[in-house]
Amino acid sequence: MTTVTVRRSRADTVTDERHATTATTLLAAFTSLPVDHPRRALARERAINAWLPLARHLAHRYAGRGEPTDDLVQTASLGLVKAIDRFDADRGIDFAGFAIPTIVGEIKRHFRDRTWSVRVPRRLQELRLAITTANNTLTHTLGRSPTVADIAVHLGVSEDDVIDGLEGARAYRATSLSTPIGHGDNTGELGDLLGGVDDGFELTENRLVLGRALGVLDDRERRILTLRFFGNLTQLQIAEQIGISQMHVSRLITRALATLRRHLEDHRG
């Protein structure tokens, strides 16, 4: 059994070496063609396909971190395409050494920009990663869970910054509103606990403010507004009750409303 295993391992190594040679050859063929060469597009496609196993390998290294593997492979493939398009063979750099940082950087950017449930500033995203690393390091060196002050000293930031980073970390994963809560007969969903906008509070406040505002009007102005807006009388009907002209009623309503408006604006300001 041992002999068979060794032979398979050597066969796999030979296969990998041959594939690497082919991929390198195809990439060299692509980079050697002028930009306007009619076969350049086909050569580029062949080079990309030849190096795709490298992108898939790097993508699988980041699997199991909450992102679908297919998405990671697609992101790594995009990084590979960028690496091939930017590669300059005249610089004498090995393509794999150039492509790996490019692909890994694309994957890390995907985690940074696409996996947060709630978008937070990049500063907080980077701070969260730094806090996580510092927490692991300090737990090992201190033999206990580090405090906010410990992490702040280790990172050279303020304690408020550490707290902001910890708060921002909560936005990485959101809890579904359909999450079950309660026990037994008192079960429900998290969304059931969320309240809605209650217009009654604003209506109550407006009535209180309006009540005080009406106090700045004289008796006749208050009576006219009451008849107009609560009694639903026309200006002509109000004029007949008060014993003044309709035009006078119109002017008094306009003046009273302007007074109320100024009072309400002063209150809000």
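This report concerns the structure included in the present document. Worth saying up front: this structure is predicted, and the values here are computed from it rather than measured.

The rules behind each value
- Residues numbered from 1 in each chain as written.
- Predicted model: local features only at pLDDT ≥ 70, side-chain atom pairs only at ≥ 80, totals over all residues.
- Heavy atoms only, no water.
- Salt bridge = Lys/Arg side-chain N within 4 Å of Asp/Glu carboxyl O.
- Helix = DSSP H or I, 4+ residues; strand = E, 2+ residues; numbered from the N terminus.
- Buried < 20%, exposed > 50% of the residue type's maximum accessible area, 1.4 Å probe, protein only.
- Polar contact = N/O pair within 3.5 Å; in protein donor to acceptor, adjacent residues only side chain to side chain.
- Contact = heavy atoms within 4.5 Å.
- Axes fitted to C-alpha atoms, helices over the stretch in contact; angles between N-to-C directions.
- Parallel < 35°, antiparallel > 145°, perpendicular 65-115°, else oblique.

A separate point is the pattern of salt bridges. Across all of its chains, the model carries six salt bridges by this definition. Residue Arg44 pairs with Asp85 through a salt bridge whose shortest N-O separation is 2.8 Å. A residue pair is termed long-range when its members are at least 10 positions apart, and Arg44 in helix α2 (residues 40-61) and Asp85 in helix α3 (residues 69-86) qualify at 41 residues. A residue is classified by how much of its surface remains accessible, and Arg44, at 29% relative accessible area, is partly exposed. When the shortest N-O distance is used, the salt bridge between Glu106 and Arg109 registers 2.8 Å. Of this pair, Glu106 and Arg109 are both found in helix α4 (residues 95-114), three residues apart, which corresponds to roughly one turn of the helix.

This part is about the side chain of Ser77. Relative to the helices and strands, Ser77 is located in helix α3. Judged by relative accessible area, Ser77 falls into the buried class, the value being 18%. For Ser77, the side chain forms a polar contact with the main-chain oxygen of Val73, separated by 2.7 Å. When residues no more than four places from it in sequence are discounted, the contact partners of Ser77 are Leu52 and Ala55.

With that settled, the discussion passes to the packing of helix α5 (residues 122-142) against helix α6 (residues 148-155). The geometry of α5 relative to α6 is characterised by a closest axis approach of 10 Å and an angle of 110 degrees between their N-to-C directions. As the angle between them shows, α5 and α6 are arranged roughly perpendicular. Contacts between α5 and α6 involve Leu127, Ala130, Ile131, Ala134, Asn135, Thr137, Leu138 and Leu142 from the former and Asp150, Ile151, His154 and Leu155 from the latter.

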